[in-house]
Amino acid sequence: MAETLRSHGASHVHCVGSVADFLSAGAVPPAPVRLWDVAVWDTGISGDDASLTALLDQWRTGVPGAPVVVSDEAPSTRRAMAALRGRAADMVERGDPDGLVAAVARVLENRADPLRVEGARQAGPRMLVVGAHPDDVEIGAGGIIHRRAHGGWGITILTLSGGANGGDPDRRREEAHRAAEVLGAHLIMENLPDGSISDDSATVRTIERAVAEVDPDVVLVHSESDTHQDHRAVHRATLVASRQVARLACYQSPSATVAYQPNRFVELSEADLEAKLSAIGAHNSQAASRWYLEEELLRSTARYWGRFSRTRYAEPLELVHDNTPLGYYPADHA
Ligand SMILES: [Zn+2]
């Protein structure tokens, strides 16, 4: 299997022989791999259908964003159902190298290209999404980012602090890159002081640099109606730094107050919501300690906002200014 993948251009293939090794190599890839592109799990190594689903669930939690192709001796309907329940990306027959290569290629093709906004101006619209801390943007607008990245928009996330108050900055940086990759966005990470970000000229200049680099059509940021001092400061500094940008809107953070008044609701598909959850899952150093990262809450919040767009799921936006001519954007926009 490894030889087949190498002969088709895989630069690093790492083989393991047990569930424990699979999960630990997934979470901490051996150098020089930074993030895995895809995993292949062979059911011959261990387990019945129930444990296959459990393993895939565990993988998704530990290594969000890296899809799994399941290889099986003779895939049965029950085995395929177990793989589906665990959200495997595909299932192939063991001993069919062409099938394996085709499945892996399909999976990689379906992933968003995180580097799409680097370099020259893109043909599609561009959006800059600004957050104070790692995971703010994913919680507030993860679904919108995924939806638009897959609709041809170039998306850049600007995170202004490394989130040192929430854990080890190196780990949080890694998690932030993984999350951006899951959503199909490019990430710029700055190093302002977590907990005491101000709305002074230094913060404005930091955001202006990103605005100049991205040249966005739309900027999303925290709302002013928020109990977190960093979020309010980032909102104000972004208002100033984005004064030339055609459109600015605010996403909802868990610390938003009831004064947050959304007036746009962006429809999310199941895939957008799954990608959002997966991106938030990438911040797994936070999962245990943050009540607002509970999956049920995130799902039901998206379901709730769906009532305003008459769709199943939505994310809300509070549009602050809009200088764009009518009809400028494709149908799906805020
Ligand atoms: Zn925050």
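If you're wondering where the values come from, they're calculated on a predicted model, not measured in any experiment.

### Section: the packing of aromatic side chains
Next, step 1: Taken as a whole and assessed by the stated rule, the structure comprises seven aromatic pairs.
Next, step 2: Taking 5.0 Å as the distance between ring centres and 15 degrees as the angle between the ring planes, the aromatic pair formed by F265 and F308 counts as stacked. In this pair, F265 is assigned in strand β9 (residues 264-268) and F308 in helix α11 (residues 295-309), connecting sequence segments 43 residues apart.
Next, step 3: Taking relative accessible area as the criterion, F265 reaches 24% and is therefore assigned partly exposed.
Next, step 4: Ring geometry for Y304 and F308: centres 5.9 Å apart, planes at 75 degrees, overall edge-to-face. A residue pair is termed a helical-turn pair when its members lie 3 or 4 positions apart in one helix, as Y304 and F308 do in helix α11 at four residues.
Next, step 5: With relative accessibility at 39%, the residue F308 sits in the partly exposed group.
Next, step 6: Three or more aromatic residues link up through ring pairs in this structure, and these residues are F265, Y304, W305 and F308.
Next, step 7: Its end group placed over the ring of W153, R148 keeps NZ or CZ at 4.5 Å from the ring centre.

### Notes on the coordination of the zinc ion
Next, step 1: Here the zinc ion is held by the protein donor atoms H133 (ND1), D136 (OD), D136 (OD) and H231 (NE2), which lie 2.1 to 2.3 Å from it.
Next, step 2: One way to put it: the four donor atoms around the zinc ion meet at angles of 57 to 128 degrees, and that makes the site irregular.

### Regarding helix α6 (residues 136-150)
Next, step 1: An ideal rise of 1.5 Å per residue puts 21 Å on 15 residues; α6 measures up with 21 Å between its terminal C-alpha atoms.
Next, step 2: Largest kink in α6: about 75 degrees, centred on G142.
Next, step 3: Of all 15 residues in α6, 13 are buried, a share of seventy percent or more.

### Structural notes on the sheet that holds strand β3 (residues 90-93)
Next, step 1: Ordered in space as β1-β2-β3, the three strands form an open sheet in which the pairing is parallel. Two strands in the sheet have a free side with no partner beyond their single neighbour: β1 (39-42) and β3. Neighbour-to-neighbour, the strand axes of this sheet turn through a mean angle of 25 degrees, independent of strand direction.
Next, step 2: The pairing of strand β2 (residues 68-72) with β3 spans four bridges and is classified as parallel.

### Notes on the confidence of the model for the protein chain
Next, step 1: Confidence in the prediction for the protein chain averages 87 pLDDT; 91% of positions are at 70 or higher.
Next, step 2: When pLDDT is averaged over each helix and strand of the protein chain, the minimum, 80, is found for helix α4 (residues 77-85) and the maximum, 98, for helix α9 (residues 229-241).

### Points about the sheet that holds strand β6 (residues 186-189)
Next, step 1: Strand order in the open sheet made by the seven strands is β6-β5-β4-β7-β8-β10-β9, with mixed pairing throughout. Of all the strands in the sheet, just β6 and β9 have a single pairing partner and so form its edges. Across the sheet, the mean angle separating the axes of adjacent strands is 25 degrees when strand polarity is ignored.
Next, step 2: For strand β4 (residues 126-131) and strand β5 (residues 154-159), the ladder comprises six bridges, and the chain directions are parallel. When the bridges of β5 are listed, V130 appears paired with L158.
Next, step 3: On top of the sheet, α6 reaches β4, β5, β7 (218-221), β9 and β10 (313-322); it is set at about 170 degrees to β4, its chief contact.
Next, step 4: Each of β5 and β6 touches helix α7 (residues 169-183); the most contacted strand, β6, lies at about 155 degrees to it.

### Things to note about α7
Next, step 1: Taking 1.5 Å of rise per residue, the 15 residues of α7 would be expected to cover 21 Å, and the 21 Å separating its terminal C-alpha atoms lies within 8% of that figure.
Next, step 2: Among the residues of α7, those classed as buried are R172, E175, A176, R178, A179, A180, E181, V182 and L183.
Next, step 3: Where α7 is buried, its residues meet α6, β5, β6 and α10 (270-281).
Next, step 4: In the segment just after α7, G184 is the residue with positive phi, at about 85 degrees.

### Examining the domain arrangement of the protein chain
Next, step 1: According to the domain assignment, the protein chain consists of domain 1 (2-110) and domain 2 (126-322).
Next, step 2: The gap between the C-alpha centroids of domain 1 and domain 2 is 31 Å.
Next, step 3: Tallying the contact residues gives twelve residues for domain 1 and 13 residues for domain 2.
Next, step 4: Here domain 1 and domain 2 share an interface that buries about 860 Å² over both sides, 40% of which is from carbon and sulfur atoms.
Next, step 5: Applying the counting criterion to the domain 1 and domain 2 interface returns zero salt bridges.

Conventions we followed
Residues numbered from 1 in each chain as written. Predicted model: local features only at pLDDT ≥ 70, side-chain atom pairs only at ≥ 80, totals over all residues. Heavy atoms only, no water. Phe/Tyr/Trp six-rings, centres within 6.5 Å; stacked < 30°, edge-to-face > 60°. Helix = DSSP H or I, 4+ residues; strand = E, 2+ residues; numbered from the N terminus. Buried < 20%, exposed > 50% of the residue type's maximum accessible area, 1.4 Å probe, protein only. Lys NZ or Arg CZ within 6 Å of the ring centre and 35° of its normal. Donors = N, O, S within 2.8 Å, 3.2 Å for Na, K, Ca; no water. Tetrahedral: all angles 85-135°; square planar, octahedral: opposite > 155°, others 65-115°. Expected span 1.5 Å × (residues − 1). Bend = angle between axes of the 7 residues up to and from the residue. Pairing = 2+ DSSP bridges. Axes fitted to C-alpha atoms, helices over the stretch in contact; angles between N-to-C directions. pLDDT = per-residue confidence, 0-100. Contact = heavy atoms within 4.5 Å. Domains from an automatic or database assignment. Buried area = accessible area lost by both parts, 1.4 Å probe. Salt bridge = Lys/Arg side-chain N within 4 Å of Asp/Glu carboxyl O.

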